There are 2 protein chains.
Amino acid sequence: MYRTHNCGALRIADVGKEVTLSGWVQKSRDKGFMMWTDLRDRYGITQLIFSEEASSKALFDKARSLGREYVIKIQGTVIERSSKNDKMGTGDIEVEVKKLDILNVSKLPPFTIEDETDGGDDLRMKYRFLDLRRSSVQRNIIFRSQLAIATRQYLASNDFIEVETPVLIKSTPEGARDFVVPSRMNEGQFYALPQSPQTFKQLLMVSGFDKYFQIVKCFRDEDLRADRQPEFTQIDCEMSFVTQEQILNTFEGLTKHLFKKTMNVELSDFPRMQYDDAMRIYGSDKPDLRFDMPFSELNDLAKGHDFAIFDNAELIVGICVKGEAANFSNKNLKKLEEWMKRPQIGAKGLVNVKFNADGSVKSSVGKFYDEATLKAWGERFGAEAGDMLLILSGETDKTRKQLSELRLELGRKLGLIKAGDFKPLWVVDFPLLEWDEESERFHAMHHPFTSPKKEEIPNMLNGDHETMKNLKADAYDLVINGSEIGGGSIRIHDRTLQSKNFELLGFTPEEAEAQFGFLLGAFEYGAPPHGGIAFGFDRLCAVLNGSSSIRDYIAFPKNNQGRDMMIDAPSPISAEQLEELSIDVVLSEKA
Amino acid sequence: MYRTHNCGALRIADVGKEVTLSGWVQKSRDKGFMMWTDLRDRYGITQLIFSEEASSKALFDKARSLGREYVIKIQGTVIERSSKNDKMGTGDIEVEVKKLDILNVSKLPPFTIEDETDGGDDLRMKYRFLDLRRSSVQRNIIFRSQLAIATRQYLASNDFIEVETPVLIKSTPEGARDFVVPSRMNEGQFYALPQSPQTFKQLLMVSGFDKYFQIVKCFRDEDLRADRQPEFTQIDCEMSFVTQEQILNTFEGLTKHLFKKTMNVELSDFPRMQYDDAMRIYGSDKPDLRFDMPFSELNDLAKGHDFAIFDNAELIVGICVKGEAANFSNKNLKKLEEWMKRPQIGAKGLVNVKFNADGSVKSSVGKFYDEATLKAWGERFGAEAGDMLLILSGETDKTRKQLSELRLELGRKLGLIKAGDFKPLWVVDFPLLEWDEESERFHAMHHPFTSPKKEEIPNMLNGDHETMKNLKADAYDLVINGSEIGGGSIRIHDRTLQSKNFELLGFTPEEAEAQFGFLLGAFEYGAPPHGGIAFGFDRLCAVLNGSSSIRDYIAFPKNNQGRDMMIDAPSPISAEQLEELSIDVVLSEKA
C-alpha cells in the first residue's frame, strides 16, 4: 500500500497516528541535526521531519539524498508542530519519518514547480506535464472538471439527455475551414471533423429527443489568433417546442447555477439588450457592462458649423468620462489619441471637450463651436462640471468600433472594472443576414439554420435586397463582462424557408441538396419547432475566473501554429500510411 | 407557448384542467362522429378526442386531415376516459380538443414508427432520424445517457477528475491503424486521432492529477467486423499510488454502482481467475460464467490406446453435457459435428461418450477404449448417468478455442443461459508479451506501457527468449457474460524498464524516442507508480441490456464500410481543399 492518507488530509486530531504517505518532494530545509521536507500531492502539502535524534543515520542520509520532485513513500508518526502554519490545512502537524522509500528519482525540472515559476511559455508547453504540476495550473483544470459536473447536474435535472454525436462526419464548405480525415475504406473520400454538432442536434429534435445536450469537442481549421484553439469544447444544447423566451430562461438558469455552484456567486436576473441598441450605445455586440460610459450621438448638434471633418462624417459619436477620471493631462490625451491612431484601431483623430470645475468649457475644436453649442453637447451626455467628452467621427460601423475600443481601454486604464464583478447580458434580435461588400453576397450572421423572427417571414420570402439586409432573427448571445460565452437561435423547421435561406446565402438548389439534403429531407417528416444554444466551454472557464486566456483551462493546448509542443504533433507519416489512404503529399513551392 | 404539459404527464387528478400539448400524431381512429388521436412525444402518449358534438365542423375536418407524424399543438380539457388503459401512465384520461394548430406536416414515413417496425436495416440507417423516433431505439439512447451520468457520479464522488485530452495528436504505427488529419498550417504533416488517451492519461499521472477519468471518443481505422465502429467511446481511468488490488476494488465498485443505479441489480463480489486458468478451463480469456461446463483434459487417460488422432494430439480436452440436455439424437450430434467442422471453427472431428441411464457407456471411439477407461474419463468430468462428454483434440491453443466455441454454442442452444443473469469476472495475470510466429516478433498482449509483475522484473531485464514468453503482467480484464467490457494494467513508470519493453517489442531506440520520447522523458521527472483501466462504453450499454449489438446504443452509427448512410459520409472534397492541405488523391489501380 502506498498511502493511508493523502498529503492534504492530516489534522491535529490525527496526532499520534502511524501513517503512510506518498508524493513529490516539493523542497527540503536542512538544519544539520534536523531536516524538514515538504511532501506534495494534488490534495496538499504535508511537512515531514527527519531528526538525528529520532532517525537512524541511514535514514537521515537517504533523506539528504532527496532532490526536488523525487517521488517517495514514507511511514511515520503524526506529531504536533511547534510553529504552526495557519495558511495550510495540514499546518498544525508534521510527520516524524521512520521509513523512507524512494519510488522514483527526478532530474532537476527545467523550471520551478511553484505558482510563480521561472519557466517561459515555450518551455512550459514543451514540458506541459511538469507545468501541470504547479498548483495554480492544476486548480484551473480541476475547476474545469467541476464546471462540467455542475453543467451536467443542471441539465440532467431539467430533463436534458446527453447524446454523443459523431466526430467523423461530412465536409461542408460553409463557414470556417474543416479538418478532414481521408477514408481508407472509401478511396478518394474524406470525413470532416465537426465544427459543431449543429445538424445532428437538429436531427435529434426531429427524432423527438425534446431536450438534448452534449459537452463536446469541436474543430475549426482557422488561422489561430492568440486565444483560439483548433479543437475546443462546447456545451451544446437544443430544445423542441420552445420559444426564445423559454430558451433564455433555461440557460440563464444554467449560468446562475454554474456561478453559484463553482464560485458561490449569486447573479441577479440578466438584462436584455437589442443588437441594434448594443451597437448604437456601446459600439459592440458584446458590451462590457462592468462600467457605464454609453455612447451619445451628436450629428444634429455638431453638423453645420463649418468643421469639415464633422460635416462630412456619417456619424459623430462620443463618450463622457466622469469626474476624477476625466483629469487627463494634455500629454495623456495626446498619448490616448496616438493609441487610437494605431493601425489596429485606425481612428483619424480624437476630439475632446472639457467641462471645467469653474463652469468654463474647453475643447480641441473650440474654434468651430461656441460655448453654448458645446454645453448643449454636454447636456446630451449628462456631463457635469469636471467631466470630459471624447468624440470620434466617420463611417458609422467603423467609428462605433473605434469608440468601443476607446471605451474598453478607458475602463481598464481608469480602473472602472471591479475585480470579481460579473455583468451578464443577453443581446437579442440579431440580424439574420450580413451583406459582404467584397464578395457581394450575404453571409449568415449566426448560421444558415437560424430562423427569422416570425413577423419577418413574409419579408424574407418576398422582400427586396434592402429588406433582406434588415431582417431580424430570433438569435441571441449571452455576454459576460464583454466576452461572448454563448450564442444560439430559434431554428428554421420548414423546408421551404430553409431552402429560401440557402438561396439567399448563395447556394444553388443542387449545392444545398448535396450538402444538407439529409436535413432538408428530415424537415419533410414532421420537424418540430426547435431552438438552442451553444456555450464556449473553454471561454466560460476563463471568464468565471476573470482570466483572458482559454489556454490556461486546457490540459494540453496547442500553440499558435496549431502545434502540440510536448508530443511534437503534427508530424510526417510513413509512405505506407499515405499509400493505404490513397493520398500523396504535394508540397507547395514556398515549402 | 407550445405546451403546459408533456404527453406523458397527465393523470386522473388533472381532470378538468385546460391544457396545451404539442407532439407527433402516432395514429388516429375515426368512428365517424368521434375521432381519437394518439399524440406522442419522448415522455409518452396522450389520447386526444375530437367529437362532432363538442368540436366545430372546421376543427373536426382539420383533425381528419392529420396524417401520421404530423406535428400539432392542441388546447383542450382533460376528461376521464370511459375505457381506461392501465398499460400507459396517461391511460386514465383523454383530452377533449378545442383548438388545433398544425405546426408541421409530414410525408408518410418510409417505415412505421413502432417498436416492431417494417423497415429494413439499410432503410432505417438512411432515415436514422425517423428510426430514432421509435421508442425502443430512443430508450437505448436515453439508457446510455443515464449510464454516463451514473458513471460520472461514482467517479466524481471518489475524487476522480475528468480531464479532456486532445483529439488531434500524433500518429504512432504501433497497434491498430490511425485515422490521420492533414495539417494545413504544417505542410506535409499530419495529426492522428487517438486510439485511446493512453499516453496522455499517464502524463496526467506524472503531473500529479492522482485520479483521472474521461468518457471519451476513440478512433481505430480497422476493417470493420459486424460489431465494431470506427469511432467508439471509452470510460478511461487512471490512478496513482495504487496497487492492482485497489484498482480492481475501485472499478468493481463502479460496475456494481452502474448495475444498481441503472438496472436496480445488486451484484455480489466478482470472482477472479488467472488468465492461465481461464484458458485451461474455458478456452477463453473472457469466459461466460452464466453456465458451468468447464473443460477437463484427458492426455494421461486417452493416449497410448492406439487411437492415432489422440496419440498425436498435443491436447485432448472435453466438456461434459449434463442430464436432460445430453439427450442428443445421432442426427443432432452429426449436425453439431458439422457445425464444428465449418472453416470458421475448423475442428477435425468431435468425439462423444454417452453415460447411459442403465450404467452402460457408448462412445464414437468405443473401439479404441474399453468401458473401464471411458468410465475413468467420466470420473474426471464428474459425469453421472445420463451425461455426455464431447471431446476435441489437436494443437493446444486451437483446440481450446474450438472447444470454447462449442461450449458457448451449447450454452445458447440448450437454454443454459438465464435472461437477466449477470456473471462478472476479473481475469488477471495476463502474459506481458505475445509471440507472433509469422512476423517472428513479440506483440504487447495489453499495450506497450503495461508493467510486468514486480517479481518478473529481473526476468524481464535479463531473461532469455523462453522466459520472455512466460512473463506475467499486472494486467486484468473485466468480463461480464463472456464479453470483455474493460481492461487495464499497472503501468511501467521507470524509463529503463519502459525502454526495455520497447526493445522487446522490436523498436529501435531511435524509433522509441521519435514516437514516445515525450513519455520516456516524462518518466525522468518523478513519475509516480500508476495504473488504470478503460471500459468500452458502447459494449457496456449493450451488455447491461443483454444485447449483442453496440450499434443499437449509438445515436448515429456507421455501417460496415465505415459509412454514415444518413449524411452520406465520407465524401469527396473540393480541389481547393486538397490544395490548401497540400495533398492529392492517388487512386489505386483497382479503383
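The structure presented is a predicted model; accordingly, all values stated were derived computationally and were not measured. (Residues numbered from 1 in each chain as written. Chains lettered and ligands numbered in written order. Predicted model: local features only at pLDDT ≥ 70, side-chain atom pairs only at ≥ 80, totals over all residues. Heavy atoms only, no water.)

A.B. asks: Any chance you could break down the overall build of chain A for me, citing the residues and the numbers?
C.D. replies: When you go through chain A residue by residue, the secondary structure sums to 18 helices and 23 strands. Based on the C-alpha atoms only, the size of chain A along its principal axes is roughly 95 × 75 × 55 Å. Across chain A, contacts joining residues at least 24 apart in sequence account for 65% of those joining residues at least 6 apart. Distance between charge centroids for chain A: 7 Å, based on 77 positive and 92 negative side chains. (Helix = DSSP H or I, 4+ residues; strand = E, 2+ residues; numbered from the N terminus. Contact = heavy atoms within 4.5 Å. Lys, Arg positive; Asp, Glu negative; His and termini not counted. Charge placed at Lys NZ, Arg CZ, Asp CG, Glu CD.)

A.B. asks: Give a description of unusual backbone geometry that names residues and reports values.
C.D. replies: Along the chain, A:Ala569 connects to A:Pro570 via a cis peptide bond; the corresponding omega equals 0°. With respect to the helices, strands and loops of the structure, A:Pro570 is situated in the loop between α17 (537–544) and α18 (575–580). With phi around 70°, A:Asp159 is a residue other than glycine that occupies positive phi space. Tracing the chain through its elements places A:Asp159 in the loop between α4 (135–157) and β6 (161–162). In the Ramachandran plot, B:Glu440 falls in the positive-phi region, its phi being about 50° despite a non-glycine side chain. Note on placement: B:Glu440 falls in the loop between β18 (433–436) and β19 (441–444).

A.B. asks: Explain the relation of the copies chain A and chain B to me, using residue names and the numbers behind them.
C.D. replies: Of the transformation superimposing chain A on chain B, the axial component is 0.0 Å and the angular component is 180°, with the fit at an RMSD of 0.1 Å. Here the symmetry operator amounts to a two-fold rotation axis. Take the interface residues of chain A: 100% of them recur as interface residues in chain B, which is what a same-surface contact looks like. (Least-squares fit on C-alpha atoms with pLDDT ≥ 70 in both.)

A.B. asks: Talk me through the interface of chain A and chain B; I want residue IDs and the actual numbers.
C.D. replies: On the chain B side, the residues contacting the 125 residues of chain A number 125 residues. Each partner contributes to the roughly 10,800 Å² buried at the junction of chain A and chain B, and carbon and sulfur atoms together form 59% of this total. Ranking the residues of chain A by area buried against chain B places A:Glu164, A:Phe241 and A:Tyr525 at the top, with a combined share of 8%. Put simply, chain A and chain B have 14 salt bridges between them. Linking A:Arg3 and B:Asp210 is a salt bridge whose minimum nitrogen-to-oxygen distance equals 2.8 Å. In terms of residue class, the side of chain A that touches chain B is made up of 66 nonpolar, 28 polar and 31 charged. As paired strands, strand β23 (residues 583–585) of chain A and strand β23 (residues 583–585) of chain B are joined by three bridges and run antiparallel to one another. Bridge pairing in β23(B) links A:Ile583 to B:Val585. (Buried area = accessible area lost by both parts, 1.4 Å probe. Salt bridge = Lys/Arg side-chain N within 4 Å of Asp/Glu carboxyl O. Nonpolar A, V, L, I, M, F, W, Y, C, P; charged D, E, K, R; others polar. Pairing = 2+ DSSP bridges.)

Don't take any of this as a statement about function, it's just geometry.
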